[in-house]
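Summary of the model geometry
These are the residues of each chain, in order.
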Amino acid sequence: MNKGQKAAFVLNVLIFVFTVFATISLVIGFRFMQDISVLSEKNLKSFRYFTIQSNLLAALVSLIYIIFKCRPAGKSCEKLPVWLYLLKIAAADAVAFTMFITVFYLAPTSSRGYFALFMNSNLFMHLLTPLLCIISFIFFEPVEKTSFKMSFAGIIPMALYAAFYTPNVLLHLDNGKPNPLYDWYGFLAFGLNTIWIVIPLLVFIAWLLSLGLWALNKKIASK
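So, a few notes on the structure that sits alongside this text. Here the structure is a predicted model, which means the values were calculated and not measured.

**A word on the overall build of the protein chain**
The number of helices and strands found in the protein chain is six helices and zero strands. Listing every helix and strand of the protein chain by position from the N terminus yields α-α-α-α-α-α. Its C-alpha radius of gyration of 18 Å places the protein chain within 12% of the 17 Å reference for a compact globule of 223 residues. Here the protein chain holds 223 residues, and the buried ones make up 48% of them. Taking the intrachain contacts of the protein chain between residues at least 6 apart in sequence as the baseline, contacts between residues at least 24 apart amount to 74%.

Take a look at the structure:
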């Protein structure tokens, strides 16, 4: 491995380890900072959040990357095959979207304070792991060949989650209004009629982030 490959390998190991630690901490209720828990629950209900789903995706893809790079030296290559690159951009975009929404929407509107969204397991899931994924993808994970259409792979996780989240809200309306128990991110807090704007906007934001990741990877890692 060259220096870039070694850096990517270490970052992917950290992504996997951080996610395992954060997930276990979340499920068992282990808190190593203040006793604050926002958008997380001490049971399997936490798996309904895109935060944990995106981080688990990132961990799984990092594990695949690690196994791929641990193949016999004669079979290894400097650049990623297209299939692994597509998994990496989807995972990087999913956690980047998680961090973006947390930093610019969930944290500023939290009744528990801005930094409540970065406590305990959320410190990893909302900040550290996304940053590691972004850094690794942009700087150290070149692809054999790249094209603009690859940027659309990044929206798949968010689009799939939207396909689950939207019906879940619509099937649990409270007097025709979104129920906060099911609209847990508050995306439709301004009324059900905003659904035709909010959901497409979120998917569009996911694509813009993916486009940025693709462009920066092309310019830096895959140049």
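**Quick word on unusual backbone geometry**
Despite not being glycine, N120 has its phi angle at roughly 55°, a positive value. Relative to the elements of secondary structure, N120 occurs in the loop between α3 (82-109) and α4 (121-140). Its relative accessible area of 3% is what places N120 among the buried residues. Its identity is not glycine, yet N175 carries a phi of approximately 55°, on the positive side.

**Let's talk about the packing of helix α2 (residues 50-69) against helix α5 (residues 156-170)**
Where α2 contacts α5, the two axes come as close as 11 Å, and the packing angle between them is 145°. Considering the relative orientation of α2 and α5, their crossing is right-handed. Contacts between α2 and α5 involve F50, Q53 and L57 from the first element and P157, M158 and Y161 from the second.

**A short note on the pattern of salt bridges**
This structure, assessed with the given rule, holds one salt bridge. A salt bridge links E141 to K88; the shortest N-O distance between them is 3.1 Å. Of this pair, E141 sits in the loop between α4 and α5 while K88 sits in helix α3, placing them 53 residues apart in sequence. E141 sits in the buried class, given a relative accessible area of 1%.

**Let's talk about helix α6 (residues 195-219)**
An ideal rise of 1.5 Å per residue puts 36 Å on 25 residues; α6 measures up with 36 Å between its terminal C-alpha atoms. Regarding α6, the residues found buried are I195, V198, I199, L202, I205, A206, W207, S210, L213, W214 and N217.

**Thoughts on the packing of α3 against α6**
Look at α3 against α6: their axes get within 9 Å of each other, and the N-to-C directions meet at 125°. One finds that α3 runs oblique with respect to α6. Of the two elements, α3 crosses α6, and the hand of that crossing is right-handed. Here α3 contributes Y85, I89, A92, D93, A96, F97, F100 and I101 to the contact with α6, which in turn contributes L202, I205, A206, L209, S210, L213, W214 and N217.

**Re the environment of L202**
Mapped onto the elements, L202 comes out in helix α6. Residues L202 and F97, spaced 105 residues apart in sequence, show a C-alpha to C-alpha distance of 9.0 Å. Once residues within four sequence positions are removed from consideration, L202 is found in contact with F97, I101, M158 and F187.

**Here's the deal with the nonpolar core**
Core analysis: the largest hydrophobic core is formed by 26 residues, its most contacted members being F50, F97, M158, Y165, Y185, F187 and L202. Of all the secondary-structure elements, those providing two or more residues to this core are α3, α5 and α6. No other element matches α6, which puts seven residues into this core.

**Considering α3**
Taking 1.5 Å as the rise per residue, α3 with 28 residues should run 40 Å; its terminal C-alpha atoms sit 39 Å apart, in good agreement. In α3, a bend of some 50° at T102 exceeds every other bend along the element.

**Observations regarding the packing of aromatic side chains**
According to the stated counting rule, one finds 29 aromatic pairs in the structure shown. For the pair Y85 and F137, a centre-to-centre distance of 5.3 Å together with 40° between the ring planes defines the contact as tilted. Residue Y85 is found in helix α3, and its partner F137 is found in helix α4; the two are separated by 52 residues along the sequence. Owing to a relative accessible area of 1%, F137 belongs among the buried residues under this scheme. Relative to W184, the ring of Y165 lies with its centre 5.4 Å away and its plane at 90°, an arrangement referred to as edge-to-face. On the criterion of sequence distance, the pair formed by Y165 in helix α5 and W184 in the loop between α5 and α6 is long-range, its members being 19 residues apart. Here Y165 and W184 have matching classes, each one buried. Members of the aromatic cluster, joined through ring pairs, are Y49, F50, F97, Y105, Y161, F164, Y165, W184, Y185 and F187. When the ring centre of W184 is taken as reference, the NZ or CZ atom of R48 above it lies at 4.4 Å. When the ring centre of F68 is taken as origin, the NZ or CZ atom of R71, which lies over that ring, is 3.9 Å away.

About the criteria used
- Residues numbered from 1 in each chain as written.
- Predicted model: local features only at pLDDT ≥ 70, side-chain atom pairs only at ≥ 80, totals over all residues.
- Heavy atoms only, no water.
- Helix = DSSP H or I, 4+ residues; strand = E, 2+ residues; numbered from the N terminus.
- Rg over C-alpha atoms; globule rule 2.2 N^0.38 Å.
- Buried < 20%, exposed > 50% of the residue type's maximum accessible area, 1.4 Å probe, protein only.
- Contact = heavy atoms within 4.5 Å.
- Axes fitted to C-alpha atoms, helices over the stretch in contact; angles between N-to-C directions.
- Left-handed = near helix turned anticlockwise from the far one by under 90°.
- Salt bridge = Lys/Arg side-chain N within 4 Å of Asp/Glu carboxyl O.
- Expected span 1.5 Å × (residues − 1).
- Parallel < 35°, antiparallel > 145°, perpendicular 65-115°, else oblique.
- Core = buried A, V, L, I, M, F, W, Y, C linked by side-chain atoms within 4.5 Å.
- Bend = angle between axes of the 7 residues up to and from the residue.
- Phe/Tyr/Trp six-rings, centres within 6.5 Å; stacked < 30°, edge-to-face > 60°.
- Lys NZ or Arg CZ within 6 Å of the ring centre and 35° of its normal.

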